[in-house]
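Read off the chains here:
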Amino acid sequence: MSVEDVVREVVSGAIGYEAGLDALTVAPAGEVDAALSAALRDAFDRLFQGGWQPSELYRVIARLGDPLKADMVTAAALSYAGRFTEVDPRWTSQAASLPAPGRRPDRITLLDVSLGLLTSLRQLPPIEVLIPPPGTVSDLSHKSDNRMLDRVRALLAKAEATDFPAEAEAYSAKAQELIARHSIEEALTTAGRAEVVPFARRIGVDHPYESEKASLLDAVARANHCHTVWSPELGFSTIFGYDADIDGVELLYTSLLVQANRAMARDEPAKGKARIKAFRRSFLVAYGVRIGERLSQATRHEIEQHSDLLPVLRNREIQVREVMRKAFPRTVRARGSRIDSLEGWESGRAAADEAQLR
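To keep things clear, this report deals only with the structure shown in the data block. Not measured: the values here are computed from a predicted model.

Most often, soluble globular proteins keep nonpolar side chains buried together rather than apart. Counting residues in each nonpolar core, the largest one holds 42 residues, and the members touching the most others are Phe44, Trp52, Leu57, Trp91, Leu121 and Leu124. Breaking this core down by element, the ones donating at least two residues are α1 (3–12), α2 (17–26), α3 (29–49), α4 (54–62), α5 (67–81), α6 (89–97) and α7 (107–122). Other than its neighbours up to four places away in sequence, Leu121 contacts Leu40, Ala43, Phe44, Arg46, Leu47, Leu57 and Ile61. In terms of nonpolar packing, the next biggest core, distinct from the first, is built from 35 residues, Val205, Leu216, Tyr253 and Leu257 among them.

Next up, the structure:
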C-alpha cells in the first residue's frame, strides 16, 4: 500500500488511526511529507472554496483543543490567499489577523497533528459562501457607515467599562437609538433600489452555554429586523438581514454579552458547582428574554416616528426571510432551555433592566 493510500484510508476510516500513524512513521520521510502536504492542501482548498472563511475555520479547529492544529489553519489560510491575485480584502484581513503559529513541533508530533487535522477537516461540510474566496471577483458595493459604527462602538465601550449600572444603561440606550435611527434612515433612502439586498454573516458563539448565548443573539437580531439560524455542531449562528442592521446587531450582541458576564459574575452564588451552573444558564435565558423585550420596545418607538415606514419594513422582512429560506431550506425550531434556578432567572432579568435599551 502506498503512502497516499495509507493517508486516504486513515482519513476515510478504512484503517485505524494508530495503525496508519505507525505505518507513516516508518515510511520514507519525503514520501510521507509530500502525501500529507497534498492531502492537507486539497482539504483546505475544498473548505475555502466551499464557503469557509479563515477566522471561522480557525475557530472551529481551535475548539477541538489542539493549538498545533489551529496553527496549521493559520499557515494554510495565508498560503491559500497568496496563490491568487484577486483576493477580497475581508478575506485577506481575516487571514492576517489569525494568531501567528508557534514553534514547529518534532516530526512524530507533526505527523500525528497532520493526520488528526485531516480527519477533522473531512468532517466539515461546505457552507454558504458569504465572502468570495480568493480567485473570485469581490462585490464590495455595500459598505457600512463607519462613522455611525465608530460612535456606537465608543458608546458601548463606555457601557462595558463602567461599574455603575445607570451609566451602562445610558450608554447602551444611546447606542441602540443610533442603530435604530440609522437603520430607519437606510431603509427609507434605499427603498426600491434593486442593488440593495439582504446579506448573511456568521457570528461565532463560544462555549459554555452556547445555546443560551445563541438565544441572546437571536433576541437582539429579531429586535433589529434580522433573523438567525443557530448551527450548534459548528459553533456559530448565521444572521440574515441588511448590512446596517447586521452591523448593529453584532456590536450590540458583543457588548451585551460582556455586560451580562460581568453582572452574572457579580450575582452568582458562592458555592456549589451544580447550583452555579444552573444559576448561569437561567441567568442568560432571562437576560436574553428581557433584552429582547427592551430592544423591541425601543425599535417600535423609533418606527412610530415614521408613518411611511411600515410598507418598507414589511417588504424588507419578506426579502430577508427569502434569503434565509434559500440558504437553509430546512430548519428546526430549537427547544428552549430549562430554567432550574429562580435566583438566576430573577438576577438575569434585573441585569437586563440595568442594561435597558430604549
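So, about the side chain of His227. The residue His227 is located in strand β2 (residues 227–231) in this model. The class of His227 is buried, set by a relative accessible area of 6%. Reaching out from His227, the side chain makes a polar contact with the side chain of Glu317 at a distance of 2.8 Å. In contact with His227, other than residues within four places in its own chain, are Ala221, Arg222, Thr238, Ile239, Phe240, Glu317, Val320, Arg321 and Met324.

This paragraph deals with the packing of aromatic side chains. If you walk through the whole model with that rule in mind, you get nine aromatic pairs. Residues Phe283 and Tyr287 carry aromatic rings whose centres are separated by 6.0 Å and whose planes lie at 10° to one another, so their mutual orientation is stacked. Within this pair, Phe283 and its partner Tyr287 are both found in helix α12 (residues 273–303), separated by four residues, close to a single helical turn. Against the face of Phe236 rests Arg202, its NZ or CZ located 5.6 Å from the ring centre. Sitting above the plane of the Tyr242 ring, Arg316 keeps its charged end 3.7 Å from the centroid.

A complete count under the given rule lists one cavity of 30 Å³ or more for this structure. Looking at the largest cavity, its volume works out to about 30 Å³. Lining the largest cavity are Ala180, Ser183, Ile184, Asn224, His225, Thr299 and Ile303. Listed by contribution, the elements that provide at least two residues to the lining of the largest cavity are α9 (165–190) and α12. At three residues, α9 tops the list of elements feeding residues into the lining of the largest cavity. Along the lines of polarity and charge, the residues of the lining of the largest cavity split into three nonpolar, four polar and no charged.

Here we come to the pattern of salt bridges. A complete count under the given rule lists 20 salt bridges for this structure. Linking Arg63 and Glu210 is a salt bridge whose minimum nitrogen-to-oxygen distance equals 3.7 Å. Residue Arg63 is found in the loop between α4 and α5, and its partner Glu210 is found in helix α10 (residues 210–222); the two are separated by 147 residues along the sequence. Notably, a salt bridge pairs Arg201 with Glu250, separated by 2.8 Å at the nearest N-O pair. With Arg201 in strand β1 (residues 199–204) and Glu250 in helix α11 (residues 243–267), this residue pair connects regions lying 49 residues apart in the sequence. Three or more residues are tied together by salt bridges with common partners; here these are Lys174, Glu177, Arg181 and Glu302.

Judged by how many residues are buried, strand β3 (residues 236–241) sits mostly within the fold: six of six residues are covered. Of the two faces of β3, the one holding Phe236, Thr238 and Phe240 and the one holding Ser237, Ile239 and Gly241 are both buried throughout. Relative to β3, β1 is paired through six bridges, and the arrangement is antiparallel. From the neighbouring strand, Arg201 faces β3, where its bridge partner is Ile239. Across five bridges, β2 lies against β3 in antiparallel orientation. From the neighbouring strand, His227 faces β3, where its bridge partner is Phe240. Here β2 hands over to β3 after four residues, with Gly235 in that stretch at a positive phi of 75°.

Rules of the game
Residues numbered from 1 in each chain as written. Predicted model: local features only at pLDDT ≥ 70, side-chain atom pairs only at ≥ 80, totals over all residues. Heavy atoms only, no water. Core = buried A, V, L, I, M, F, W, Y, C linked by side-chain atoms within 4.5 Å. Buried < 20%, exposed > 50% of the residue type's maximum accessible area, 1.4 Å probe, protein only. Helix = DSSP H or I, 4+ residues; strand = E, 2+ residues; numbered from the N terminus. Contact = heavy atoms within 4.5 Å. Polar contact = N/O pair within 3.5 Å; in protein donor to acceptor, adjacent residues only side chain to side chain. Phe/Tyr/Trp six-rings, centres within 6.5 Å; stacked < 30°, edge-to-face > 60°. Lys NZ or Arg CZ within 6 Å of the ring centre and 35° of its normal. 1 Å grid on protein atoms, 1.4 Å probe; cavity = no way out; pocket = protein on both sides within 12 Å on 5 of 7 lines; lining within 4 Å. Points joined across faces, edges and corners; volume = space filled by probe spheres on them. Nonpolar A, V, L, I, M, F, W, Y, C, P; charged D, E, K, R; others polar. Salt bridge = Lys/Arg side-chain N within 4 Å of Asp/Glu carboxyl O. Pairing = 2+ DSSP bridges.

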